[in-house]
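Observations on chain architecture
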Amino acid sequence: MKKLALLFSIVAFGFVLVACGGTTTTAAPTTAAPTTEAPTTEAPAQLLENTAKDFYATGNFNGWDTKAEGLMEAVYLADERVASIVDQLEDVKYLYVLEVYLPSEAAGWGVNYIIDGVNTTLDGNLTVKVIRTLADDPDTRDFWAQSPESGEITNLTPETLFVPEFVENATTSVVDDMGTEADATDDVTYTSGAWNDNPAALAAGSYYVVYAEFEDGSKGLGLVSSALENLAKDFYATGNFNGWDTKPEGLMAAVGLNHPALADLNLEGVKYVYALQITLPAEAAGWGVNYIIDGVNTSLDGNLTVKIIRTLADDPDTRDFWAQSPESGAITNLTPDTLFIPEFVENATTSVVDDMGTEADATDDVTYTSGAWNDNPAALAAGDYIVVYVEFVDGTKGLGLVPVIVPEV
């Protein structure tokens, strides 16, 4: 009887709770301790864009204008392209980036600056400025930075860029007497620059132009290398044309994918890219290589041979390999229209003897082969080329010769 009464009491009590709470849930109550901390939510990254303005990177390299290809892109502070200078971007309000290629070809004029106390001439193709315009209106220009209208521009990357002083007239000037004292026609005047002078890169190459405007109204300009560089290694182009060695003039430069010589190459999955302009002479070397190319017996002069030597960085005598070789692994031919690369085998798989004399006299016979891994790659013709060497993410490698196109005058 007591058990029945107790059961009735429990049921009745439960009915009261349901009636008061207005819920029919049977879920167990939580026993977690209450918290007084505010919920944490990470703020979304902010695109540092000035919607009222556009920004163009320009210079001699693209014709000093607000061209469509010079339109800069607003980016987030976390953008990997500015990661190397993020410490310089504290309190940034607007941030813009554009990848450009500043060519090594001579513009026919230059700028003469005193940089870190050294008289320095920089080619006109290295000059760069930023034009700010109204949004979607490239012809309504606020200023060219740096200028009196823009105000002073902070140099975000002094290791790659020179920005003149922000003064009307240079405070420092040095005349370099290139002739006799009586003949000043060859004299060169170097200065610390002034606010209407052009900022300039210290070297040709692939860069991200970075332009910043800060909360306090100040502005900054920088050039961040966009080269796909292996910092642990150096690469040299060599061959009979330069004496088969790691000479300074053979040292290749890391470049970005916007280098003009790469435009028609398949570089999907590339990790490192190097380039160097060379001349393969038409003069006879006194020896040659004999290959079967597209089924045709072909003799190529020794001056057309070319290889790549990979070394430790800043150590030309510690060499990993000569490419192509067993140590380098197979090398993909990036430009079969201009270059022959032998097969990657120990011994040629195909061989043909061309009987140049009588059957009884084999002294003039020439043996043509498909080549082997220790044989030399060679250009199909003499000329000026950009040697391109690449290493891919998967560890494979490639070599190409891109002809240098000389513009018509």
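Before reading further, recall that the structure is shown in the block above.
Heads up: these notes are all about the structure in this document.

Definitions and limits used
- Residues numbered from 1 in each chain as written.
- Predicted model: local features only at pLDDT ≥ 70, side-chain atom pairs only at ≥ 80, totals over all residues.
- Heavy atoms only, no water.
- Helix = DSSP H or I, 4+ residues; strand = E, 2+ residues; numbered from the N terminus.
- Buried < 20%, exposed > 50% of the residue type's maximum accessible area, 1.4 Å probe, protein only.
- Contact = heavy atoms within 4.5 Å.
- Areas by Shrake-Rupley, 256 points an atom, 1.4 Å probe, with all protein chains shown as cover.
- Pairing = 2+ DSSP bridges.
- Axes fitted to C-alpha atoms, helices over the stretch in contact; angles between N-to-C directions.
- Salt bridge = Lys/Arg side-chain N within 4 Å of Asp/Glu carboxyl O.
- Core = buried A, V, L, I, M, F, W, Y, C linked by side-chain atoms within 4.5 Å.
- 1 Å grid on protein atoms, 1.4 Å probe; cavity = no way out; pocket = protein on both sides within 12 Å on 5 of 7 lines; lining within 4 Å.
- Points joined across faces, edges and corners; volume = space filled by probe spheres on them.
- Nonpolar A, V, L, I, M, F, W, Y, C, P; charged D, E, K, R; others polar.
- Phe/Tyr/Trp six-rings, centres within 6.5 Å; stacked < 30°, edge-to-face > 60°.

Moving on to the overall build of the protein. Of regular secondary structure, the protein possesses 1 helix and 28 strands. Counting every position in the protein, which comprises 409 residues, the buried fraction comes to 41%. Here the contacts in the protein between residues at least 6 apart in sequence split such that 64% fall between residues at least 24 apart. Total accessible area on the protein is roughly 22600 Å²; 53% of this is exposed by carbon and sulfur atoms.

Its place among the elements puts Leu401 in strand β28 (residues 397–403). Of the residues examined, Leu401 reaches a relative accessible area of 1% and is grouped as buried. A C-alpha to C-alpha distance of 9.5 Å links Leu401 and Ile278, two positions 123 residues apart in sequence. For Leu401, the contacting residues outside a window of four places in its chain are Leu280, Val306, Thr335, Thr338, Leu339, Ala379, Tyr385, Ile386 and Val387.

Bringing the sheet that holds strand β21 (residues 315–323) into the picture now. Read across the open sheet, the 3 strands follow the order β15-β20-β21; overall the sheet is antiparallel. The two strands at the open ends of the sheet, each matched to only one other strand, are β15 (233–238) and β21. Each neighbouring strand pair of the sheet contributes to a mean axis angle of 35°, computed without reference to strand direction. In this sheet, β21 lies alongside strand β20 (residues 307–312) in antiparallel orientation, the contact comprising 5 bridges. Paired with Arg310 across the two strands is Phe321, which belongs to β21.

Moving on to the pattern of salt bridges. Tallying each qualifying case throughout the model produces 10 salt bridges. A salt bridge links Lys53 to Asp142, with the shortest nitrogen-to-oxygen separation between them at 2.8 Å. Of the two residues, Lys53 is situated in strand β1 (residues 53–58) and Asp142 in strand β7 (residues 137–145); the sequence distance between them amounts to 89 residues. Residue class for Lys53 comes out buried when judged on its relative accessible area of 17%. We note a salt bridge from Arg310 to Asp320, for which the minimum N-O separation is 2.8 Å. Of this pair, Arg310 sits in strand β20 while Asp320 sits in strand β21; the two residues are 10 residues apart in sequence, bridging distant segments of the chain. Each of Lys53, Arg132, Asp142 and Glu213 takes part in one network of salt bridges that share partners.

Another point: the nonpolar core. Counting residues in each nonpolar core, the largest one holds 30 residues, and the members touching the most others are Met252, Ile308, Val387 and Leu401. At the level of elements, β15, β17 (270–280), β18 (288–293), β21, β23 (339–340), β26 (378–379), β27 (383–392) and β28 are the ones that each hand at least two residues to this core. Examining the composition of this core, we find that 5 residues originate from one element, β17, more than from any other. Those residues in contact with Ile308 that sit more than four places away from it in its chain are Phe235, Tyr236, Ala237, Met252, Phe321, Trp322, Ala323, Val387, Tyr389 and Leu399.

Another point: the sheet that holds strand β16 (residues 253–254). On the basis of which strands lie adjacent, the open sheet formed by 5 strands has the order β16-β17-β27-β28-β22 and mixed pairing. This sheet does not close on itself; its edge strands, each paired only once, are β16 and β22 (331–333). As judged from the 3 bridges shared by β22 and β28, these two strands associate in the parallel manner. Note on β28: the bridge partner recorded for Asn333 is Leu399.

Quantified by volume, the largest pocket comes out at close to 600 Å³. Around the largest pocket, the lining comprises 22 residues; the ones closest to its centre are Tyr101, Ser104, Glu105, His259 and Ile386. Listing elements by their share of the lining of the largest pocket, those giving two or more residues are β16, β17 and β28. Sort the elements by how many residues they give to the lining of the largest pocket and β17 lands first, with 3 residues. Its boundaries defined by the atoms lining it, the second largest pocket holds a volume of some 240 Å³. Looking at the second largest pocket, it is lined by 18 residues, and the ones nearest its centre are Ser225, Ala227, Glu229, Ala253 and Ala254. Within the residue set of the lining of the second largest pocket, elements represented by two or more residues are β13 (205–214), β15 and β16. Class assignment for the residues of the lining of the second largest pocket results in 10 nonpolar, 4 polar and 4 charged.

In this section: the packing of aromatic side chains. Overall, the coordinates contain 10 aromatic pairs when judged by the stated rule. Ring centres of Trp244 and Trp322 lie 6.4 Å apart, and the angle between their planes is 35°; on these two criteria the pair is classed as tilted. Pair noted here: Trp244 is in the loop between β15 and β16 and Trp322 is in strand β21, with a separation of 78 residues, a long-range link. Centroid distance Tyr291 to Phe340: 4.7 Å. Interplanar angle 35°. Geometry classified as tilted. Of this pair, Tyr291 sits in strand β18 while Phe340 is found in strand β23, placing the two residues 49 residues apart along the sequence. One aromatic cluster is present, built from ring pairs that chain together Phe55, Tyr96 and Tyr211.

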